[in-house]
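Coordinates in review
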2 protein chains.
Amino acid sequence: MSLPHAILTALLEKPSSGLELTRRFDRSIGYFWPSTHQQIYRELGKLEKAGHIRVLPAAQPARGQRKEYEVLPAGREELMAWVSLAEDPRPVRDPLLLRMRAAAVVGSAGLAGELRRHLALHRAQLAEYLEIEERDFPPERTSDEDRLRRLVLRGGIDLETFWTGWLTRAIDDLDGPGS
Amino acid sequence: MSLPHAILTALLEKPSSGLELTRRFDRSIGYFWPSTHQQIYRELGKLEKAGHIRVLPAAQPARGQRKEYEVLPAGREELMAWVSLAEDPRPVRDPLLLRMRAAAVVGSAGLAGELRRHLALHRAQLAEYLEIEERDFPPERTSDEDRLRRLVLRGGIDLETFWTGWLTRAIDDLDGPGS
DNA sequence: GTTAGCATGTAAATGGTTACATGATTGT
DNA sequence: ACAATCATGTAACCATTTACATGCTAAC
């Protein structure tokens, strides 16, 4: 049940239309809660029916036409309640680890190449995050909001650092003793 | 499409019934690909129809009665093909990071407590993994299979290490300047 | 023979993904 | 007028989760 709250957060930051939200997701909240326009439109409909958001009066509601939404007080309260909720971490579900485990049984042909490919992808993601950090969070701007947003970004950075480190060691370990 | 392959892997390690698989998932493959008995029964049915596994002749197929499965050659080939496949990493989808981002907008009341709770959970998971490492992977047993399985476990350890580290710093950062 | 637990299964709801459909706007 | 693009939406599918149903087996 996280997508509606992701949308409320994005709308509080700035009232938007469905497609605008989709695009902003692609380069901020979507880094840790990806979503597509289909899902977003569906959720916007539900949120509106629930009285958590509304269409800005300025925009006319016709088919191919822009509809801008804003958050209502009820929506903000819903979001505040959700933030302080107790919710356990999602269990890990990772196909690469699974494939490695399968390779232990049927042989690891082709696996090293795949690990290298993943390493490159994670390095690229790490570089992207570091660039964002440098651009959006220069030292010494520490409002409460910025501190939280920077922590989230730090989470992404540390996570990609974990992957690159682990993959590097895994590749060494597979190549080394085998060749 | 990973669950069938997870099941093939588990069945290759040891032919089992549905419920046995469920239990073994709970303490090995399930650490990085959790599943419930409902899903497992359904997949066993599909895998059997696809000719990837079969019921061991010894077991009679009656309703409340144990049915033991084993992998057929076609199943093993399917698994080998899957191991060397190119498949991008799953995008991250983490509600805690999302809630932190939401807290930047509606205020972080109650968040610090939740972070501490998560820290405790991740520490417990880390301790569990380290125990498994010590028990199942003593130094100097390095068959190819063990090397791969140990790498997978290392992945879990490193991941939990990342979480505990990040959460610790996040809690400091929130508590420190605020009080 | 009744209860407790083991084992297999069905059904419905939720959330996410992929493919497609359609209206409005802008540039040529 | 036509094409390209922006914007909103529908439909079908698939995987996961939750709740429930049913048959077998062993202990009392």
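The structure under discussion appears in the preceding block.
Residues numbered from 1 in each chain as written. Chains lettered and ligands numbered in written order. Predicted model: local features only at pLDDT ≥ 70, side-chain atom pairs only at ≥ 80, totals over all residues. Heavy atoms only, no water.

1. What about the relation of the copies chain A and chain B?
What counts here: Here the copies are matched by least squares. The fit uses the C-alpha atoms of residues with pLDDT of at least 70 in both. Any two residues whose heavy atoms approach within 4.5 Å are treated as being in contact.
Each copy superposes on the other: chain A lies on chain B with an RMSD of 0.1 Å after a rotation of 180° and an axial shift of 0.0 Å. On the angle and the small slide along the axis, the relation comes out as a two-fold axis. Of every C-alpha in chain A, the one belonging to Phe162 of chain A sits nearest the axis of rotation, 3.3 Å from it. When the interface residues of chain A are mapped onto chain B, 100% of them again fall at the interface, so both copies present the same face.

2. Describing the interface of chain A and chain B
Which entries qualify depends on this criterion: The buried area of a pairing is the accessible area, by a 1.4 Å probe, that goes missing from both parts when the two are put together, added over both. Whenever a carboxyl oxygen of Asp or Glu lies within 4 Å of a side-chain nitrogen of Lys or Arg, that contact is scored as a salt bridge. Polar contacts here mean pairs of N or O atoms no more than 3.5 Å apart (in protein, one a potential hydrogen donor and the other a potential acceptor; neighbouring residues in sequence count only if both atoms are side-chain atoms). The way it works is that DSSP assigns letters per residue, a run of H or I at least four long becomes a helix, a run of E at least two long becomes a strand, and they are numbered from the N terminus. The nonpolar class holds Ala, Val, Leu, Ile, Met, Phe, Trp, Tyr, Cys and Pro. Asp, Glu, Lys and Arg form the charged class, and all remaining residues, Gly among them, are polar.
Counting residues at the interface gives 65 residues for chain A and 65 residues for chain B. Summing both sides of the interface, chain A and chain B together bury roughly 6600 Å²; the carbon and sulfur share of this comes to 69%. The tally of links between chain A and chain B comes to six salt bridges. One salt bridge in this structure joins Glu13 of chain A and Arg101 of chain B, with 3.2 Å as the shortest N-O distance. Counting across the interface, chain A meets chain B through 23 residue pairs in polar contact (both at pLDDT 80 or more). The set of elements that each furnish at least two residues to the side of chain A that touches chain B consists of α1 (3-13), α4 (73-83), α5 (95-106), α6 (111-136) and α7 (144-178) of chain A. Considering each element in turn, the side of chain A that touches chain B owes the most residues, 17 residues, to α7 of chain A. Across the side of chain A that touches chain B, the residue classes tally to 37 nonpolar, ten polar and 18 charged.

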